[in-house]
Amino acid sequence: MSDAILFAVEEGMARLTLNRPARLNAFNADLAHAWKDATAEATSRSDVKAILIDAVGPAFCAGGDVIDMATTMGASGAEITALAEVINTGIRSLTESAVPVVAAAHGTTAGGGLGILLCSDYAVVGSRSKLGSLYANIGLTPDLSVSAQLARAVGQRRALQLVLQDRLLSSAEAVEWGLVAEAVEGADAVSEAELVRARGEEIARFWLAGAADAYGQAKRLVRSQPERTFVEQLSEEARSIGAALETPDAQARVAAFAAASAKKAG
């Protein structure tokens, strides 16, 4: 796998670290293909029950590498479309999987980086973090799932406010809007980035220490709901809870709960 993404699996957690710090982890062809490969491996391995996405350097992700578009790639529309589809494959791997994903997004997240953050099911930022669209600043339109996921996360009106303005949300605004779950504060930007990464890992470890498969199926139910009617979703919920009850983990947890309740009642 390319060094553009650092990939490791440890004790059930897959860690995908964006590793182009000199370009604020903006996507070029190398990172796009590394992203596709890393997400495919993370979501296909039976030993992975939680995924953490973080980044090296001062920012989480600045979206597409605009400098690369204008020079190396010659700003070809066909090339940009093809590259976006490569990244989209990785986005689908994450959002369609039954593995919960946490993003530790310190620093700035902008453009397509917002789409990468929206692939996560739980996002942590730093108090100094800024998040926004900024596509129109260079005459481009949202990609990498921003138009597909942003309105679901914050509502259509707020999504439009973000994509139709030259605006970066503060971390407090991002939390208030529901774009991210929480913000942590450090003494300086470097220590804050480390705290964001540590908090992201803590969340992943929380899933792993609990009913990891149940968390994964809960994520799948919520993520896949738009594909079904209300009646179909009720049926899928019923099927899923029945299947969960047949697992050894659920049977042990139900038995333990019942025993504890009986002891308390007695």
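Provided above is the structure to which this section pertains.
Residues numbered from 1 in each chain as written. Predicted model: local features only at pLDDT ≥ 70, side-chain atom pairs only at ≥ 80, totals over all residues. Heavy atoms only, no water.

## A short note on a nonpolar patch on the surface
For clarity, the threshold we go by: A patch consists of residues whose relative accessible area exceeds 30% and which take part in no salt bridge; residues with like charges are grouped when within 9 Å of each other, and nonpolar side chains (Val, Leu, Ile, Met, Phe, Trp, Tyr) when within 5 Å. We get accessible surface area from the Shrake-Rupley algorithm with a probe of 1.4 Å; when it comes to residues, only the shown protein chains can shield them. Whenever Lys or Arg places a side-chain nitrogen within 4 Å of a carboxyl oxygen from Asp or Glu, that contact is recorded as a salt bridge. A run of H or I in DSSP counts as a helix once it spans at least four residues, and a run of E counts as a strand once it spans at least two, with each numbered from the N terminus. Only protein chains enter the accessibility calculation, which uses a 1.4 Å probe; a residue is then buried when its area is under 20% of its type maximum, exposed when over 50%, and partly exposed in between.
Nonpolar side chains collect at one region of the surface, where Val66, Ile138 and Leu140 lie side by side and expose about 230 Å² of accessible area between them. Structurally, Val66 is set in helix α2 (residues 66-70). Using a relative accessible area of 36% as the deciding quantity, one classes Val66 as partly exposed.

## A short note on the sheet that holds strand β4 (residues 101-105)
Using the following cut-off: Paired strands, in this sense, are two strands between which DSSP finds at least two bridges. Whenever a helix is involved, its axis is fitted only over the stretch in contact; in every case the axis is a line through C-alpha atoms, and angles between N-to-C directions fall within 0 to 180 degrees. Residue contacts follow a heavy-atom distance rule, with two residues in contact if any of their heavy atoms lie within 4.5 Å.
Pairing within the open sheet is mixed, and its six strands lie in the order β1-β2-β3-β4-β6-β9. The strands lining the two open edges of the sheet, one partner per strand, are β1 (5-10) and β9 (182-184). Strand after strand, the sheet turns through a mean of 20° between neighbouring axes, direction not considered. Bridging between β4 and strand β6 (residues 122-126) involves four bridges; their strand directions are parallel. Within the sheet, the bridge partner assigned to Ala104 lies in β6 and is Val124. Sheet contacts for helix α1 (residues 29-44): β1, β2 (13-18) and β3 (50-55); angle to β1, the most-contacted strand, approximately 10°.

## A few points about the pattern of salt bridges
With the rule as written, the count across this model stands at 21 salt bridges. Residue Asp54 pairs with Arg15 through a salt bridge whose shortest N-O separation is 2.8 Å. Here Asp54 is found in strand β3, whereas its partner Arg15 is found in strand β2, with 39 residues between them in sequence. Exposure remark for Asp54: the relative accessible area of 2% places this residue in the buried category. A residue is classified by how much of its surface remains accessible, and Arg15, at 22% relative accessible area, is partly exposed. Taken together, the shared-partner salt bridges connect Glu11, Arg15, Asp54, Glu201 and Arg205 into one network.

## A closer look at helix α3 (residues 77-95)
In plain terms, the rule: What a helix should span is 1.5 Å times the count of its residues minus one.
An ideal rise of 1.5 Å per residue puts 27 Å on 19 residues; α3 measures up with 26 Å between its terminal C-alpha atoms. Every buried residue belonging to α3 is among Leu83, Ala84, Val86, Ile87, Gly90, Ile91, Ser93, Leu94 and Thr95, and all of these are buried. The secondary structure elements touched by the buried residues of α3 are α1, β3, β4, α4 (112-118), α5 (146-154) and α9 (212-224).

## A closer look at the side chain of Ser171
For the record, the criterion: N or O atoms closer than or at 3.5 Å make up a polar contact, with two conditions inside protein: a donor-capable atom paired with an acceptor-capable one, and, for residues adjacent in sequence, both atoms drawn from side chains.
Following the sequence through the fold, Ser171 ends up in helix α7 (residues 171-177). At a separation of 2.9 Å, a polar atom in the side chain of Ser171 contacts the main-chain carbonyl oxygen of Ser127. Excluding residues within four positions of it along the chain, Ser171 makes contact with Val125, Gly126, Ser127, Ser129 and Ala183.

## A look at the packing of aromatic side chains
Applied cut-off: Note on ring pairs: Phe, Tyr and Trp rings are taken, using the six-membered ring of Trp, and paired if centres are within 6.5 Å. Classes follow the plane angle, with under 30 degrees stacked, over 60 edge-to-face and the rest tilted.
Under the definition given, this model contains two aromatic pairs. Between Phe27 and Trp35, the ring centres sit 6.0 Å apart and the planes meet at 90°, which makes this aromatic pair edge-to-face. Relative to Tyr215, the ring of Phe206 has its centre 5.7 Å away and its plane inclined at 45°; by these criteria the two rings are tilted.

## Focus: the pairing of β4
By the criterion of burial, β4 is predominantly enclosed, with five of the five residues buried. When β3 meets β4, the two strands line up parallel, connected through three bridges. Counterpart to Leu52 in the pairing with β4 is Val102.

## Examining the environment of Leu24
Assignment of secondary structure puts Leu24 in the loop between β2 and α1. Linking Leu24 and Val56, residues 32 residues apart in sequence, is a C-alpha distance of 8.5 Å. Setting aside anything within four residues of it in sequence, one finds Leu24 in contact with Pro58, Ala59, Phe60, Cys61 and Ala62.

## Side note on unusual backbone geometry
Of note in the backbone geometry, Asn25 takes a positive phi value of approximately 60° without being a glycine. For Asn25, the position within the fold is in the loop between β2 and α1. Positive phi outside glycine occurs at Leu134, with the angle close to 65°. Along the chain, the position of Leu134 falls in the loop between β7 (130-132) and α5. Take Leu134: its relative accessible area is 24%, and that puts it in the partly exposed class.

## Brief notes about the packing of α1 against α3
Stated precisely, the cut-off is as follows: Orientation labels follow simple angle bins: below 35 degrees gives roughly parallel, above 145 gives roughly antiparallel, 65 to 115 gives roughly perpendicular, and whatever is left gives oblique. Note: crossing handedness is left-handed where the near helix turns anticlockwise from the far helix by less than a right angle, and right-handed where it turns clockwise. Residue classes follow a fixed rule: Ala, Val, Leu, Ile, Met, Phe, Trp, Tyr, Cys and Pro count as nonpolar, while Asp, Glu, Lys and Arg count as charged, and any other residue, Gly among them, counts as polar.
Two numbers describe how α1 lies on α3: the axes approach to 8 Å, and their chain directions differ by 20°. Relative to α3, the element α1 is oriented roughly parallel. In terms of crossing hand, the pair formed by α1 and α3 is left-handed. Of the residues in α3, those touching α1 at Ala29, Ala32, His33, Trp35, Lys36, Thr39, Ala40 and Thr43 are Leu83, Val86, Ile87, Thr89, Gly90, Ile91, Ser93 and Leu94. A class-by-class count of the residues in the contact of α1 with α3 yields nine nonpolar, six polar and one charged.

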